[in-house]
Amino acid sequence: ITNVESRAVYDAAKSAGARAVYLAEEPVLGALGIHRPVDEAVGSVVVDIGGGTTDIAVLSSGGVVRSKNVKIAGDTLNNAIITYLRDEFKLLVGEKTAEAVKIAIGSVVQKDFMEAEVRGRDLLTGLPREVIVTDTDVREAILPSVLHIVDAVREVLETTPPEILADVLKRGIVLVGGGALIQGLDTLLSESIGIPVYVAEDPLTAVARGTGVILENLEKYQDILIDAEY
């Protein structure tokens, strides 16, 4: 987040009664939430695919070695589905419907056939209409955005020091955040970059659990925190 956004978060937390406010990188919190040893001299890569942004970070010795933030994540995929349904089916749906379709049949590799009933407003008549959407339709809608995330991961790895890259090759890349649940994303990413990719257990709560880990021992993780005193 920008300095202005940081200040807004700081002020909001202070107004809510917080005695002290700190910021931390989301991938670091995600790594702590899945028990990755971020404070050891071992390289780890965490990709946090949230709602508004995807954060990619190479972690080692308690810090971020390389990182990249892209404004492509869950919300982008929802909008891609909305646009696809409007253009291909002449059907207008809301973001909640698009997200439900993404969760139900969203995938980025061809596997089992899936379909879902989608209800919305017919753009031609203005009346309610229902269409059958398949996993192929959703894949066609979201794949261009997903490939941007794959490219961003590749860019980060290309600038990572070789000794850390050796650790990553052995330990793999971990996906956290809601976007990690898209079917086949780990497979697509692994095939594209040639490194094992794993989806964290309960990826939706990894960052929140990592925050809890820090709160339990603020002194130990002081170097990871970004002091936000203004």
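Data block above holds the structure.
Residues numbered from 1 in each chain as written. Predicted model: local features only at pLDDT ≥ 70, side-chain atom pairs only at ≥ 80, totals over all residues. Heavy atoms only, no water.

1. Observations regarding the overall build of the protein chain
For the record, the criterion: Here a strand is any run of E in DSSP of at least two residues, a helix any run of H or I of at least four, and the numbering for each starts at the N terminus. Accessibility here uses a 1.4 Å probe with only protein chains present; expressed as a share of the type maximum, an area under 20% marks a residue as buried, one over 50% as exposed, and anything in between as partly exposed. Residues are treated as being in contact if the distance between any of their heavy atoms lies within 4.5 Å. Areas reported here follow the Shrake-Rupley algorithm with a probe of radius 1.4 Å; residue values treat only the protein chains shown as occluding.
Within the protein chain, the regular secondary structure consists of 8 helices and 10 strands. Considered along the principal axes of its C-alpha atoms, the protein chain spans approximately 60 × 45 × 25 Å. Counting over 230 residues, the protein chain shows a buried share of 44%. For the protein chain, long-range pairs separated by at least 24 residues make up 59% of all intrachain contacts whose partners lie at least 6 apart in sequence. As presented, the protein chain carries roughly 12,000 Å² of accessible surface, and 52% of it is formed by carbon and sulfur atoms.

2. A few points about the packing of helix 3 (residues 74-89) against helix 5 (residues 135-158)
A pair of packed helices is captured by two measures, namely the crossing angle of their axes and the spacing between those axes. Our working rule: Only the stretch in contact is used when fitting a helix axis, every axis being a line fitted to C-alpha atoms; angles between N-to-C directions are given from 0 to 180 degrees. Every angle not falling under 35 degrees, over 145, or within 65 to 115 is termed oblique; those three ranges are roughly parallel, roughly antiparallel and roughly perpendicular. Each helix crossing is assigned a hand: it is left-handed if the near helix lies turned anticlockwise from the far helix by less than a right angle, otherwise right-handed if that turn is clockwise. Put simply, Ala, Val, Leu, Ile, Met, Phe, Trp, Tyr, Cys and Pro go in the nonpolar bin, Asp, Glu, Lys and Arg in the charged bin, and everything else, Gly too, in the polar bin.
Put simply, helix 3 and helix 5 touch, their axes get as near as 9 Å, and they point 135° apart. Between helix 3 and helix 5, the interaxial angle falls into the category oblique. Of the two elements, helix 3 crosses helix 5, and the hand of that crossing is right-handed. Residues Thr76, Leu77, Ala80, Ile81, Tyr84 and Phe89 of helix 3 touch helix 5, and the partners they reach there are Asp137, Val138, Glu140, Ala141, Ile142, Ser145 and Val146. A class-by-class count of the residues in the contact of helix 3 with helix 5 yields 9 nonpolar, 2 polar and 2 charged.

3. Description of the layout of surface pockets
With a probe scaled to a water molecule rolled over the atoms, the places where space remains empty come into view. For clarity, the cut-off: With a 1 Å grid laid over protein atoms only, a set of points is called a cavity when a 1.4 Å probe fits there but cannot get out and a pocket when it is open yet has protein on both sides within 12 Å along at least five of seven lines; lining residues have an atom within 4 Å of a point. Grid points are joined across faces, edges and corners, and a volume is the space filled by probe spheres set on the points.
As a volume, the largest pocket reaches approximately 790 Å³. The wall of the largest pocket is formed by 29 residues, among which Ile1, Leu23, Ala24, Glu25 and Glu26 lie closest to the centre. The set of elements that each furnish at least two residues to the lining of the largest pocket consists of helix 1 (3-15), strand 1 (22-23), helix 2 (26-33), strand 3 (54-60), strand 4 (63-70) and helix 8 (206-216). The biggest single contributor to the lining of the largest pocket is helix 1, with 4 residues.

4. So, helix 5
Worth spelling out the cut-off: Any helix carries an expected span of 1.5 Å times its number of residues minus one. Two axes enter the definition of the bend at a residue: one is fitted to the seven residues ending there, the other to the seven starting there, and the bend is the angle between them.
An ideal rise of 1.5 Å per residue puts 34 Å on 24 residues; helix 5 measures up with 32 Å between its terminal C-alpha atoms. Approximately 45° is the largest bend angle found in helix 5, and it occurs at leucine 143, with the proline proline 144 only one to four residues beyond.

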